[in-house]
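So you can see what is in the structure, the chains are spelled out below.
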Amino acid sequence: MTTEARPAKDAATGTPGEIEVRQIAIDGQSLRVAIRHGREPQPPLLLFNGIGANWELTKPLLEALTRTTAIIFDVPGVGASPRPRLPYRPSTLARLAAGLVAELGYKQIDVAGVSWGGGIAQQFAHQYPKLCRRLVLAATAPGFTMVPASPAVLWKMATPRRYTDKSYMNRIAADIYGGAFRDDPSLIGRHAGAMHGARNLGYLYQLLAMAGWTSLPWLWSLRQPTLVLTGSDDPLVPPINGHILASLIPNAELRMIDDGHLFMVTRPAETAALIEDFLAGGIADLVPASEDGRNHSKAEQQGRTS
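Residues numbered from 1 in each chain as written. Predicted model: local features only at pLDDT ≥ 70, side-chain atom pairs only at ≥ 80, totals over all residues. Heavy atoms only, no water.

Considerations on helix H3 (residues 116–127)
Here is the rule we go by: Numbering of helices and strands runs from the N terminus, with a helix taken as a DSSP run of H or I at least four residues long and a strand as a DSSP run of E at least two residues long. The span you would expect from a helix comes to 1.5 Å times its residue count less one. Whether a residue is buried, partly exposed or exposed follows from its accessible area with a 1.4 Å probe, protein chains only, as a fraction of its type maximum: under 20%, in between, or over 50%, in that order. The contact rule is simple, with two residues in contact once any of their heavy atoms fall within 4.5 Å.
In this model H3 runs 17 Å from its N-terminal to its C-terminal C-alpha over twelve residues, within 8% of the 16 Å that 1.5 Å per residue would give. Regarding H3, the residues found buried are Trp116, Gly117, Gly118, Gly119, Ile120, Ala121, Gln122, Gln123, Phe124, Ala125 and Gln127. Its buried side turned inward, H3 meets strand S3 (45–48), helix H2 (90–104), strand S5 (109–114), strand S6 (132–138), helix H8 (200–209) and helix H9 (240–248).

Remarks on the packing of H2 against H3
Definition in use: As a rule, the C-alpha atoms of each element are fitted with a line to give its axis, helices using only the stretch in contact, and angles between N-to-C directions run from 0 to 180 degrees. Note that the term roughly parallel is reserved for angles under 35 degrees, roughly antiparallel for angles over 145, roughly perpendicular for angles of 65 to 115, and oblique for everything else. The hand of a helix crossing depends on one turn: near helix anticlockwise from the far one by less than a right angle means left-handed, and clockwise means right-handed. The residue classification treats Ala, Val, Leu, Ile, Met, Phe, Trp, Tyr, Cys and Pro as nonpolar and Asp, Glu, Lys and Arg as charged. All others, Gly included, are polar.
Put simply, H2 and H3 touch, their axes get as near as 9 Å, and they point 70° apart. Between H2 and H3, the angle falls in the class roughly perpendicular. Between H2 and H3 lies a crossing whose hand is right-handed. Here Pro90, Ser91, Leu93, Ala94, Arg95, Ala97 and Ala98 of H2 lie close against H3, whose contacting residues are Trp116, Ile120, Gln123, Phe124 and Gln127. Looking at the contact of H2 with H3 residue by residue, the classes come out as eight nonpolar, three polar and one charged.

Focus: the sheet that holds strand S4 (residues 70–73)
Under the convention used in this document: Two strands qualify as a pair provided that DSSP identifies no fewer than 2 bridges between them.
With mixed pairing, eight strands are arranged side by side in an open sheet as S1-S2-S4-S3-S5-S6-S7-S8. In the strand order of this sheet, the two ends are held by strand S1 (19–26) and strand S8 (252–257), each with one partner. Across the sheet, the mean angle separating the axes of adjacent strands is 20° when strand polarity is ignored. Looking at chain direction, S1 and strand S2 (residues 29–36) are connected through eight bridges and run antiparallel. Bridge pairing in S2 places Glu20 opposite Ile35. Against the sheet, H3 touches S3, S5 and S6, its axis set at about 150° to S5. Packed onto the sheet, H9 meets S6, strand S7 (226–231) and S8 and runs at close to 160° relative to S8.

Section: unusual backbone geometry
Of note in this structure, Asp27 is not a glycine but carries a positive phi near 50°. Within the secondary structure, Asp27 is located in the loop between S1 and S2. Look at Asp27 and you get exposed, because its relative accessible area is 59%. Even without glycine at this site, Ser115 takes up a positive phi of about 55°. Of note, Ser115 is situated in the loop between S5 and H3.

Side note on the pattern of salt bridges
Where we set the bar: In the sections that follow, a salt bridge refers to a side-chain nitrogen of Lys or Arg positioned within 4 Å of a carboxyl oxygen of Asp or Glu.
Summed over all chains, the structure comprises nine salt bridges. The residue Asp110 makes a salt bridge to Arg133 at a minimum N-O spacing of 2.8 Å. One end of the pair, Asp110, is in strand S5; the other, Arg133, is in strand S6, and 23 residues separate them in sequence. For Asp110, a relative accessible area of 0% corresponds to the buried category. The partner of Glu253 in a salt bridge is Arg255, with the nearest N and O atoms 3.4 Å apart. Judged by its relative accessible area of 8%, Arg255 falls in the buried class. In this structure, a network of salt bridges that share partners links the residues Arg39, Glu40, Arg67 and Asp277.

Remarks on the side chain of Lys156
The criterion, for reference: In this tally, Lys and Arg are treated as positive and Asp and Glu as negative; His is ignored, and so are the chain termini.
Structurally, Lys156 can be placed in helix H4 (residues 151–156). Buried charge without a salt bridge: Lys156, with Asp175 as the nearest opposite-charge side chain at an N-O distance of 4.3 Å. When sequence neighbours within four positions are dropped, the list of residues in contact with Lys156 reads Arg162, Tyr168, Ile172, Asp175 and Ile176.

Overview of the nonpolar core
Our working rule: Put simply, buried Ala, Val, Leu, Ile, Met, Phe, Trp, Tyr and Cys residues joined by side-chain atoms within 4.5 Å make one nonpolar core.
By size, the foremost hydrophobic cluster in this structure holds 66 residues, and its most contacted members are Leu46, Phe48, Trp116 and Phe124. Tallying contributions element by element places H2 first for this core, with eight residues. With residues near it in sequence (within four places) discarded, Leu46 still touches Ile71, Phe73, Ala97, Val101, Ile109, Asp110, Val111, Ala112 and Phe124. Counting residues in hydrophobic clusters, the runner-up holds 24 residues, among them Ala34, Leu45, Ala112 and Ile275.

Next up, the structure:
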C-alpha cells in the first residue's frame, strides 16, 4: 500500500558546490542532514547510506557530483541523529525521509541507496512511487533473500566495532570491502578517519530494521528507471545480487565497477559520473558491460578491437 508525502514547501537553495549541514526535526525525530547544492534545476538525489555510516563517509561522492543537488541524513541512532525511542522498520525510515523531502520543499526526487541503504531506497521507491522519479541501487541486494557473503565476512559485520576501533578496521577492511582496499592501505586510514557514526543500540536497530525484510515480492512493480551498480570484487554483497535486482526490476540496467564494496568512496568521480549521466537520461560514453563483466568507455572498446 502506498502513502503520499505531505505537501512540499518552497525548495531549499544554496551556493552550488557547497555542502550545508543542518539539524532538522521531522515528526519529533531530529536528523543530521547534509545537502550538497547543485547547479542544475533537476530533482535532487536523496541518498541512503550504509549500515552504521555517518554522512561524512559519503563526502568523496558528494564532492564528485558536478551538477546534482544531493541530500543525505544520519539514520536515527547513527552519527549526529539521536537514537529513536523504539526500533523501526524500512517503511518507517521511508516515511521519515518523505517528510524530510517535503520539509526541504521538493515535490519529486531521485533516490539512491548503498548497501544497507539500498534496501531503504527500494522501500522508498515502492512506498512513494510518485515522489521517486529515478532509482540508483549500489552494492546492495533484495533484503534477507540475498545471496549472502561468507560467514567470516558476516561475522565481522555483526557489530559496529570497526567504527569505534581503528586498528580493528585496519585489520579487516580488505576482507569485508575488497577492491582497492586490498591494494592501498592509505584508503583504509582515510575512510576510518571519517568514521564517527555507529553506536551499539543504534547499530542494533539498523540490523533489526532489515530482519525478515525483502523486496522480492514487489520488485516487479517498480516502474522507476533504475541503475544497479555493483563491484566486481565485493565480499560483502556478492555481485550476483546486482544481477538479481537488475533482472527483476522492469526498467533496470546493470553496471559492474572494477572495485569492491565501497566503490562510491574509492572511485567517487567514476561513480558520480555514472549516476549523473543516468539521472540526466542516459549513461554517457559507456557501452554495455563487456565479456569480462566490467564497463569500458567507447574509446577503450575501440582500442581493443583495432
